[in-house]
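# Notes for the structure review
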Amino acid sequence: MSLQETPVSRHVRNASGGLRHARKANSERFALQEEIHRQIASELHDSTCQHLVAASLILEAALS
């Protein structure tokens, strides 16, 4: 008996390929979201530190 592709097996193969593609796209999207979150967290941290240093300098100048 030869192994020949049937319409059902072709649909299963196509569906499996589509699922792999969707999983890869989802993984890439998640990695991009994580990178964006890291960048935002870093920017917030940097700007918060700058504001605290500025407030400290203003307070020090006002108390002098």
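Residues numbered from 1 in each chain as written. Predicted model: local features only at pLDDT ≥ 70, side-chain atom pairs only at ≥ 80, totals over all residues. Heavy atoms only, no water.

## Brief notes about the overall build of the chain
Counting secondary structure elements, the chain contains 1 helix and 0 strands. Taken against the 2.2 N^0.38 rule, which gives 11 Å for 64 residues, the C-alpha radius of gyration of the chain at 28 Å runs more than 25% over that of a compact globule. Across its three principal directions, the C-alpha atoms of the chain cover 95 × 15 × 5 Å. Each of the 64 residues in the chain was classed as buried or not, and the buried ones make up 0%. When the accessible surface of the chain is totalled, it reaches about 6,000 Å², and 63% of it is carbon and sulfur. (Helix = DSSP H or I, 4+ residues; strand = E, 2+ residues; numbered from the N terminus. Rg over C-alpha atoms; globule rule 2.2 N^0.38 Å. Buried < 20%, exposed > 50% of the residue type's maximum accessible area, 1.4 Å probe, protein only. Areas by Shrake-Rupley, 256 points an atom, 1.4 Å probe, with all protein chains shown as cover.)

## Points about the pattern of salt bridges
Tallying each qualifying case throughout the model produces 2 salt bridges. Residue glutamate 28 pairs with lysine 24 through a salt bridge whose shortest N-O separation is 3.8 Å. Of this pair, glutamate 28 and lysine 24 both sit in helix α1 (residues 7–63), separated by 4 residues, roughly a single helical turn. For glutamate 28, a relative accessible area of 47% gives the class partly exposed. By relative accessible area, lysine 24 is classed as exposed at 52%. (Salt bridge = Lys/Arg side-chain N within 4 Å of Asp/Glu carboxyl O.)

Function-wise, these values are silent; they only describe arrangement.
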